[in-house]
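# Survey of secondary and tertiary structure
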Amino acid sequence: MDQLKALRYFCKVVETSSFTQAAKAFSVPPSSLSRRVADLEGSLGANLLKRTTRVVQPTEIGKLYYEQVQDILHQLDQSDEAVRSYQAKPMGRLRISAMAGFGESKVLPLLDEFKTLFPEVILDVSLTDELMTLGRDEVDIAIRGGYAPNERVQAVRLMDNEFIPVAAPSYIKQMGAPASVLELRNHKGLYFRTPNGPNPWLCKIEDEWRDVSAPAVAISNNGQWLGQQAVAGKGIMMAPRWSLAPSLEDGSLCELIFDHPLHVTQNPRLAIFLLYQKQRYHVPKVKVAVDFLVSRLRQPKAAVPKA
């Protein structure tokens, strides 16, 4: 068990780049943690860490050892929790990560009901558009938009994530409605910034993909603020249909229809997925959360739009 503790200490040092921060995580003296890691290096006959006055970094072999050990420790933790939770009621911390806009409008309103049903589950919710890796980032359930992921996780398709162009009646009155996608370059664009940059406006004309983005007047990773700018008549915005439903219903925004549909990617099969690790589904808190969220959020699959 001493070696197991040393492995956990070593991994935390790599993750924090600091003996002091790693020691704080385990509530032990830095000297004790450092000595345990040094003993591990001695038993292996290899230097796993490069120590400087400012930072601690893994050596080349240390990086390889960390990747292998991290996977083993994660699997061990999952096995331990699965055994402890077998036939137990849902309880403990449940870590959920969801896209910011979708989380605010769709997920958070459901959590009061979930908490009433399962009061012993402690909700730990993170709303972020950054990509997450379930095992590495210690997330039980992630909700993400895009394509079915290639990583080794279960992906439940919740709904389409079709992006559509919209503008306020006041903007259309002032600037006129663009008659074709090529006229968009004479208009004003409001762009959502993803971790990979602002979403472009793309369309397929004569079997060729073209970028028809309007000049930007505002760019932000805050969808709510961009929506307010659009309602105020500041420009044209591309956003998911599910997020625009209230504004389309009350008439504060109008959908712009073109003969060549606009997209934010060359692959129109965008959807929103609920992701979890298959083996974690047997843990009661994860199972009830997956079943609950899927039952409340899942929608029938719509026809794929033509490019």
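It should be noted that the structure appears before, not after, this text.
For the structure given in this document, a descriptive report is provided here. (Residues numbered from 1 in each chain as written. Predicted model: local features only at pLDDT ≥ 70, side-chain atom pairs only at ≥ 80, totals over all residues. Heavy atoms only, no water.)

Okay, the overall build of the protein chain next. Within the protein chain one finds nine helices and 15 strands. What you see for the protein chain is a C-alpha radius of gyration of 24 Å, clearly larger than the 19 Å of a compact globule of 307 residues, by over 25%. Based on the C-alpha atoms only, the size of the protein chain along its principal axes is roughly 75 × 45 × 35 Å. Counting the 307 residues in the protein chain, one finds 40% classified as buried. Counted over contacts in the protein chain with a minimum sequence separation of 6, partners at least 24 positions apart contribute 74%. Accessible area of the protein chain: about 17200 Å², with a carbon and sulfur share of 50%. Once the 37 positive and 33 negative side-chain charges of the protein chain are each reduced to a mean point, those two points are 3 Å apart. (Helix = DSSP H or I, 4+ residues; strand = E, 2+ residues; numbered from the N terminus. Rg over C-alpha atoms; globule rule 2.2 N^0.38 Å. Buried < 20%, exposed > 50% of the residue type's maximum accessible area, 1.4 Å probe, protein only. Contact = heavy atoms within 4.5 Å. Areas by Shrake-Rupley, 256 points an atom, 1.4 Å probe, with all protein chains shown as cover. Lys, Arg positive; Asp, Glu negative; His and termini not counted. Charge placed at Lys NZ, Arg CZ, Asp CG, Glu CD.)

This part covers the packing of helix α2 (residues 19–26) against helix α3 (residues 30–44). Running from amino to carboxyl end, α2 crosses α3 at an angle of 105°, the nearest separation of the two axes being 8 Å. Considering their axes alone, α2 and α3 lie roughly perpendicular with respect to each other. Of α3, the residues touching α2 (which contributes Phe 19, Thr 20, Ala 22, Ala 23 and Phe 26) are Pro 30, Leu 33, Ser 34 and Val 37. Tallied by class, residues from the contact of α2 with α3 come to seven nonpolar, two polar and no charged. (Axes fitted to C-alpha atoms, helices over the stretch in contact; angles between N-to-C directions. Parallel < 35°, antiparallel > 145°, perpendicular 65-115°, else oblique. Nonpolar A, V, L, I, M, F, W, Y, C, P; charged D, E, K, R; others polar.)

The next subject is the packing of aromatic side chains. Inspection of the entire model under this criterion finds seven aromatic pairs. An angle of 50° between the planes, with centres 5.7 Å apart, marks the rings of Phe 10 and Tyr 65 as tilted. Of this pair, Phe 10 sits in helix α1 (residues 2–16) while Tyr 65 sits in helix α4 (residues 60–85), placing them 55 residues apart in sequence. Just as Phe 10 is buried, Tyr 65 falls in that class too. (Phe/Tyr/Trp six-rings, centres within 6.5 Å; stacked < 30°, edge-to-face > 60°.)

Going through the model one piece at a time under the given rule, you end up with twelve salt bridges. Residue Arg 296 pairs with Glu 113 through a salt bridge whose shortest N-O separation is 2.5 Å. With Arg 296 in helix α9 (residues 284–297) and Glu 113 in helix α5 (residues 100–117), this pair connects stretches of sequence that are 183 residues apart. With a closest N to O distance of 3.0 Å, Asp 291 and Lys 287 form a salt bridge. Here the residue Asp 291 and the residue Lys 287 both occupy positions in helix α9, the gap between them amounting to four residues, near one helical turn. Among the residues examined, Asp 291 registers a relative accessible area of 32% and is labelled partly exposed. In this structure, a network of salt bridges that share partners links the residues Arg 95, Asp 140 and Arg 280. (Salt bridge = Lys/Arg side-chain N within 4 Å of Asp/Glu carboxyl O.)

Moving on to the nonpolar core. Counting 28 residues, the largest nonpolar core has Leu 94, Phe 102, Ile 141, Ile 143, Ile 272, Leu 274 and Leu 297 as its most contacted members. For this core, the secondary structure elements donating two or more residues are β3 (92–98), α5, β5 (141–146), β6 (154–160), β15 (271–276) and α9. Considering every element that reaches this core, the biggest residue donor is α9, with eight residues. Each residue touching Phe 102, except ones within four places of it in the same chain, is listed here: Val 107, Ile 143, Met 159, Trp 242, Ile 272 and Leu 297. Counting residues in hydrophobic clusters, the runner-up holds 20 residues, among them Ala 23, Val 37, Val 69 and Leu 73. (Core = buried A, V, L, I, M, F, W, Y, C linked by side-chain atoms within 4.5 Å.)

Attention now moves to the packing of α5 against α9. At a closest axis distance of 11 Å, the pairing of α5 and α9 adopts a crossing angle of 125°. When the interaxial angle is binned, α5 and α9 end up oblique. Seen from above, α5 lies across α9 with right-handed handedness. Of α9, the residues touching α5 (which contributes Phe 102, Lys 106, Val 107, Leu 110, Glu 113, Phe 114 and Leu 117) are Val 288, Ala 289, Phe 292, Leu 293, Arg 296 and Leu 297. The residue inventory of the contact of α5 with α9, partitioned by class, reads ten nonpolar, no polar and three charged. (Left-handed = near helix turned anticlockwise from the far one by under 90°.)

This part takes up α3. Between its first and last C-alpha, α3 extends 21 Å over 15 residues, near the 21 Å set by a 1.5 Å rise per residue. Inspection of α3 places Leu 33, Val 37, Leu 40 and Glu 41 among the buried residues, and these make up the whole buried set. The arc that holds every buried residue of α3, seen down its axis, measures 95°, which confines them to one face. When the buried face of α3 is taken as reference, the exposed residues oriented beyond 90 degrees from it are Gly 42 and Ser 43. Phi turns positive one or two residues past the end of α3, at Gly 45, with a value near 70°. (Expected span 1.5 Å × (residues − 1). Arc of directions from axis to C-beta.)

Time to look at the side chain of Lys 285. Relative to the helices and strands, Lys 285 is located in helix α9. Residue classification places Lys 285 among the buried residues on the basis of a relative accessible area of 5%. Here Arg 93 takes part through its backbone oxygen, which lies 2.4 Å from a polar atom of the side chain of Lys 285. Excluding anything up to four places from it in sequence, Lys 285 contacts Glu 81, Pro 90, Met 91, Gly 92, Arg 93, Leu 94, Val 121, Asp 140 and Arg 280. (Polar contact = N/O pair within 3.5 Å; in protein donor to acceptor, adjacent residues only side chain to side chain.)

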